[in-house]
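# Structural description and commentary
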Amino acid sequence: AHKIILDTDPGIDDAMAIFFAFQSPDIEVLGLTTVFGNVPVEMSARNAVTLCDLAGQDIPVTKGVGMPWVGPESTYAHFVHGADGFGEIDFPASDKPLDPRSSAQFIVDTVRANPGEVTIVAIGPLGNLALALRLDPELPKLVKGVKIMGGAAFVRGNVTPVAEANIWNDAYAADIVFSADWDLTMFGLDVTNNVPFDPSFMDTLADKNEKLGGFVQKSAQFYTDFYSQNREDRVCFFHDAFPLAYMIDESLFEITEGYARVSTDPLNRGQTSVAPEGTTASPLWLDAKKIKVATGVDHARLTQLFIDTYAL
Ligand code: BDR
Ligand code: CA
């Protein structure tokens, strides 16, 4: 099984992704590291503990970065994920203690203890990863890879015309992460916005797995209300599960490579600019590192993988 650290800001699609990782025999979750994003970091950490408790997973959960590296405190996404981050379902919070380390310290310690074996899967803003890189500059040599949900390479953003929420939330940190010398694969809106999930999908998850699928089904009602505001149909998007699905079955995705940077300029804050494969790098792009970008996904097989894995 792939050893991963899951860096997260739960969050409804985070919860769906975390359970998906727990359920998969191909993934071993070494710990959940939390960050501000959808909700403040205290709530993000507490929510992560609650999800572990519900799933019967006794793994470390850490609290991490609570603010963007540059810029004012976040406004959070309660309008998407609810006041509790779980779609206002009144779910009782676990009171299990957190691991006392910071998220960045946990990342460094865990990667050092398993050199060459750990993939960091980041499904929130990237402040913890940027801080881990500062704590241990050798980190890129020691991790197996980094997979993120974030960005919009060749499509529009979701919080501004050019920026996706995770990257926008901590653009300065994201550019540090994109510019580090490690194997980074980005699963952005290019793929996640192409796969809508309707209430019958939620019903199937709940049917296959009453406890975890049932939680997702309940939470997803608020989340679906949000997404439905601007569309005719009733659907939502489980962005955060995509990098995990890739780890389980790479054949689900089309991947391209390109030199990438994240804009820290206020006007274009959080824009992920990717020079597509074959583009001659301009002198201005000399600092950009090559990353992998998911550009296509098999909708039907991905949906089936979620259902089959929740059913295990
Ligand atoms: C991302 O932003 C958050 O609201 C979701 O949890 C996901 O990580 C999608 O843009
Ligand atoms: Ca998230």
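In the block above lies the structure referred to throughout.
Residues numbered from 1 in each chain as written. Chains lettered and ligands numbered in written order. Predicted model: local features only at pLDDT ≥ 70, side-chain atom pairs only at ≥ 80, totals over all residues.

## Overview of the overall build of the protein chain
Basically, it comes down to this: Helix and strand assignments follow DSSP, with helices taken as H or I runs no shorter than four residues and strands as E runs no shorter than two, numbered in order from the N terminus. Radius of gyration: C-alpha atoms only; globule rule: 2.2 Å multiplied by the number of residues to the exponent 0.38. C-beta atoms are first placed from the backbone for all residues, and any pair lying within 7 Å is then listed as a contact.
Helix and strand content of the protein chain: 13 helices and nine strands. Over its C-alpha trace the protein chain gives a radius of gyration of 18 Å, about what one expects of a compact globule, namely 20 Å for 312 residues. With the C-alpha coordinates of the protein chain rotated into their principal frame, the extents come out at 55 × 45 × 40 Å. Look at the contacts in the protein chain between residues 6 or more apart in sequence, and 80% of them connect residues 24 or more apart.

## What about the site of ligand 1?
Here is the rule we go by: A molecule or strand has a residue near it when that residue's C-beta atom, placed from backbone coordinates, lies within 6 Å of it. Just so you know the grouping, Ala, Val, Leu, Ile, Met, Phe, Trp, Tyr, Cys and Pro go in nonpolar, Asp, Glu, Lys and Arg go in charged, and all remaining residues, Gly too, go in polar.
Taken together, 15 residues are adjacent to ligand 1, and Gly11, Asp13, Ala165, His239 and Asp240 come closest. At the level of elements, helix H1 (12–23) and helix H7 (165–169) are the ones that each hand at least two residues to the shell around ligand 1. The residue inventory of the shell around ligand 1, partitioned by class, reads five nonpolar, six polar and four charged.

## Let's talk about the sheet that holds strand E7 (residues 253–262)
The following threshold applies: DSSP calls a pair of strands paired once it identifies at least 2 bridges connecting them.
Across the sheet, nine strands lie side by side as E3-E2-E1-E4-E5-E6-E9-E7-E8; this open sheet has mixed pairing. Looking at which strands have only one partner, the edges of the open sheet turn out to be strand E3 (61–62) and strand E8 (272–275). Two strands pair when backbone bridges link them, and strand E1 (residues 2–8) and strand E2 (residues 27–34) are joined in this way by seven bridges, in the parallel orientation. Within E2, the position partnered with Leu6 by the bridge is Leu32.

## Description of unusual backbone geometry
Filter applied, for reference: Think of it as a crowd count around each C-beta: if 20 or more other C-beta atoms lie within 10 Å the residue is buried, if 12 or fewer it is exposed, and in between it is partly exposed, with C-beta placed from the backbone throughout.
With omega at -20°, the peptide bond leading from Pro10 into Gly11 counts as cis. Backbone geometry at Tyr76 places phi at a positive 65°, although glycine is not the residue there. Mapped onto the elements, Tyr76 comes out in the loop between E3 and helix H3 (78–81). Even without a glycine there, the phi angle at Glu88 is positive, about 55°. By the element assignment, Glu88 lies in the loop between H3 and helix H4 (103–113). A count of 15 C-beta atoms within 10 Å places Glu88 in the partly exposed class.

## As for the packing of helix H10 (residues 199–208) against helix H13 (residues 299–310)
We apply this condition: Only the contacting stretch of a helix is used when fitting its axis, a line to C-alpha atoms as for every element, and angles between N-to-C directions run 0 to 180 degrees. Note on terminology: angles under 35 degrees are roughly parallel, angles over 145 are roughly antiparallel, angles of 65 to 115 are roughly perpendicular, and the others are oblique. Should the near helix be turned counterclockwise from the far one by less than a right angle, the crossing is left-handed, whereas a clockwise turn marks it as right-handed.
Between H10 and H13, the least distance of the axes is 8 Å, while the angle of their chain directions is 25°. Considering the angle they form, H10 stands roughly parallel to H13. Handedness of the H10/H13 crossing: right-handed. Residue-level contacts link Phe201, Thr204, Leu205 and Lys208 of H10 to Thr303, Ile307 and Tyr310 of H13. Looking at side-chain class alone, the contact of H10 with H13 contains four nonpolar, two polar and one charged residues.

## Description of the packing of H10 against helix H11 (residues 210–228)
At a minimum axis distance of 6 Å, the contact between H10 and H11 shows a crossing angle of 160°. For the element pair H10 / H11, the angle class is roughly antiparallel. Seen along the crossing, H10 lies across H11 with a hand that is left-handed. Across the interface between the two elements, Pro199, Met202, Asp203, Leu205, Ala206 and Lys208 of H10 pack against Glu210, Gly213, Gly214, Val216, Gln217, Ala220 and Thr224 of H11. Grouping the amino acids of the contact of H10 with H11 by side-chain chemistry returns six nonpolar, four polar and three charged.

Nothing here speaks to function; it is all geometry.
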